Each structure stands twice: as C-alpha cells, then as structure tokens.
Amino acid sequence: MPEMRSGWEAALAEARSSSWSQRVRAGQDLARFAEVPDAAEALLGLLLDAEATAVTRQTAEALTRVGTVAAVRLIALAVAEADDNQADWLQTGVHDAFVESGRRQDIAAACAKLAREPEAAVRRGAATLSAWTQAAMGQPDAAGSVTGVPAVTRRDEFAALVVRTDYDDDQAWRDTVAALMEPWGDRPYEARVHLVDDQAWAGATVDDVLTAVRADEDLAVVFLADRTTMQDATHALLAVTTLTREECVDDEDYEQLTEFGREFRTAPAGVHDVHANLSIGNLGFEEYAAWAHDDPEGIYRSF
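Residues numbered from 1 in each chain as written. Predicted model: local features only at pLDDT ≥ 70, side-chain atom pairs only at ≥ 80, totals over all residues. Heavy atoms only, no water.

Draft legend 1. Focus on helix α5 (residues 69-81). The terminal C-alpha atoms of α5, which comprises 13 residues, lie 18 Å apart, in line with the 18 Å expected from a rise of 1.5 Å per residue. Listing the buried residues of α5 in full gives A71, V72, L74, I75, A76, L77, A78 and V79. (Helix = DSSP H or I, 4+ residues; strand = E, 2+ residues; numbered from the N terminus. Expected span 1.5 Å × (residues − 1). Buried < 20%, exposed > 50% of the residue type's maximum accessible area, 1.4 Å probe, protein only.)

Structure representation (structure tokens):
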C-alpha cells in the first residue's frame, strides 16, 4: 500500500509537469485511481490540457480502458467543458481504446448510469459520449434502425437543425437545401440552418435522430429530410419534437402537447418560423401540428 501511494503521489506531481510526455504518463498512471478526489481533479485537468493534444488524447484513452463509472464520469465532464478542438481529441482517445480494448459495452453501461446524474454537465457529456459509443458499435438492428449515428454537436442555437436521412437523390437534396436557404418572414430574415449531410445517417429513424440530438438542451425541434421529402414536389420536411414524457407534469400534459402526434410535415419555408417560435416559447409544437393537420395535404405552409 505505501508503494502504491508513493507511485500515485509521483503521478500527481507529473500531472503538474511542464513536460507534455510526463503529463501523458501521469494520465496513464492515474486513470485507475479515478474515484480518488485528488486523482480525479488532476485527471480532469489532463483531459482538458491546454498545451498538448497528446495529453488529452492519451488520458481519454487510459480512462476508457479502465471503463469504470468514475473514469467515464471524468471523460463526460471533460466533454461538457471542452472546446471544439479538445472535443475532437477526446473522441479520438476514446476511439483508440475501443479499437484495442473492446470497451464499448462497458462505456455504454456507464453512460446509461450517468444519464441519471444530478449534475447537468455530467448528463450532457455522457449523452455525447454515449453517441460516440453507439457510433463505434452501430449496425442496423432487426427493424432496420441505424443505432450508430454520430452525435450532432456545435449547432448554433439560432440555426434550425436539418438531418438528411435519404441519399438516393442528390438533386432532390440540392433543391431542398436551396429552398431552405431562401430568406423568410416579412422582413425578410436570413435563413440560418445547420445541415447534417453524412452517409452515416442513411436510413436513420426518428428515434435514432432523437437519440443523437438529446445532448442539445436548447433544441426544441429537429427536421428530417427523409425519402418523403426527396420525393415530394414541395420537399416537405418532417418536423419532430424533442419533448419527452419526463419533461411534462403528467401523462395528461404530455398527451395535450402531442395531441396531433410528435411529428408533422412542413414546407421548407416553414422550417424557420417553427424553429424560431419553438425556441423562444412563442408558440407550441402542438399548434403547428394542428395547422399541418388541417391542411388538405397535411403540410404546414408557413405564415
């Protein structure tokens, strides 16, 4: 035990070293002590190392190899706090461990436990980490659902999120994008859209998409450009609410807010006002769904 403590204390000292290689070694040595407060604090600093991406990458890999809830919790916290560059290297480190140690199932189980954590940052980071894990594990399931789509990150909160899930007609997709980028409203306003155009999403279901975007706490609605969108003359997209039963007061509240279902079709011109009004709470999803329901073709046409 004294020898173990001596080694641990030496690793803590190396975590503060000006040498990046010593900090890498510290991350690798401290990973198995992730549940110890002093070690956890040092490890979080190494995961978010501002000077050397190798420290971030290899500390993330070491913690993933350990695979305990305490170790995964630190990665989740780092993911929640990381800038774009750090997040990329954290993901690389996690995937490095997946390739060599096959820890995917352990990480997925730990993320499921962390999803119930009181701390919002942990839940948010765990959701992103879970999506990375699913992407590494993912294959279509028996029902044809794509369970391994990547997480959606770095969306501007003012931009509507549009996910392409059908890849059979590139011209139809270009026409849809062109319609989405048209100015909208009575001023008019500049169109702001976050487009997800990646073959990894081919065939993704509504539930696949909702799982991938759940870490985005500011997102009230997501729009799918699916096969119907590509084949429809108006390129109507599928608007899907991110609302869950857990966010409602009771079953009656949830049923009222989803009276016309959790999805409806909207013309590209309607995407922007649906996103904007739902984001600020000016109108409810059920109101737009009702307008689509009343349309002869079941499509919301915009104001």
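Next comes the rest of the account.
Draft legend 2. Geometry of the pattern of salt bridges. In this structure the tally under the stated criterion is 17 salt bridges. Here R25 ties to E14 by a salt bridge, and the two come within 2.5 Å at their closest N and O atoms. With R25 in helix α2 (residues 20-30) and E14 in helix α1 (residues 2-15), this residue pair connects regions lying 11 residues apart in the sequence. The exposure class assigned to R25 is partly exposed, which follows from its relative accessible area of 38%. The salt bridge involving R73 is made with E117; its shortest N-O contact spans 3.1 Å. In this pair, R73 sits in helix α5 while E117 sits in the loop between α7 (104-114) and α8 (120-137), placing the two residues 44 residues apart along the sequence. Connected through salt bridges with shared partners, the residues R23, D49 and E51 form a single ionic network. (Salt bridge = Lys/Arg side-chain N within 4 Å of Asp/Glu carboxyl O.)

Draft legend 3. Up close: the pairing of strand β5 (residues 263-266). When strand β4 (residues 237-241) meets β5, the two strands line up antiparallel, connected through 4 bridges. In the sheet register, V240 faces β5, and the bridge partner there is E263. Bridge count for β5 against strand β6 (residues 299-300) is 2 bridges, and the pairing is parallel. For T266, the partnering residue across the bridge sits in β6 and is Y300. (Pairing = 2+ DSSP bridges.)

Draft legend 4. Geometry of the packing of aromatic side chains. Applying the stated criterion across every chain, the model contains 5 aromatic pairs. Ring centres of W184 and Y189 lie 5.0 Å apart, and the angle between their planes is 35°; on these two criteria the pair is classed as tilted. Residue classification places Y189 among the partly exposed positions, given a relative accessible area of 33%. Consider the rings of F264 and F285, whose centres lie 5.0 Å apart with planes at 50°: the pair is tilted. Linking F264 in strand β5 with F285 in helix α14 (residues 285-294), this pair joins segments that are 21 residues apart in sequence. Among the residues examined, F264 registers a relative accessible area of 6% and is labelled buried. By the ring-pair criterion, three or more aromatic residues cluster together here, those being Y288, W291 and Y300. (Phe/Tyr/Trp six-rings, centres within 6.5 Å; stacked < 30°, edge-to-face > 60°.)

Draft legend 5. Highlighting the packing of helix α4 (residues 53-66) against α5. Closest axis-to-axis distance for the α4/α5 pair is 8 Å, and the angle between their directions is 145°. As for how α4 packs across α5, the hand of that crossing is left-handed. Contacts between α4 and α5 involve A60, L63, T64 and V66 from the former and A71, L74 and I75 from the latter. Its residues placed into classes, the contact of α4 with α5 shows 6 nonpolar, 1 polar and no charged. (Axes fitted to C-alpha atoms, helices over the stretch in contact; angles between N-to-C directions. Left-handed = near helix turned anticlockwise from the far one by under 90°. Contact = heavy atoms within 4.5 Å. Nonpolar A, V, L, I, M, F, W, Y, C, P; charged D, E, K, R; others polar.)

None of the figures reported here should be taken as evidence of function without further support.
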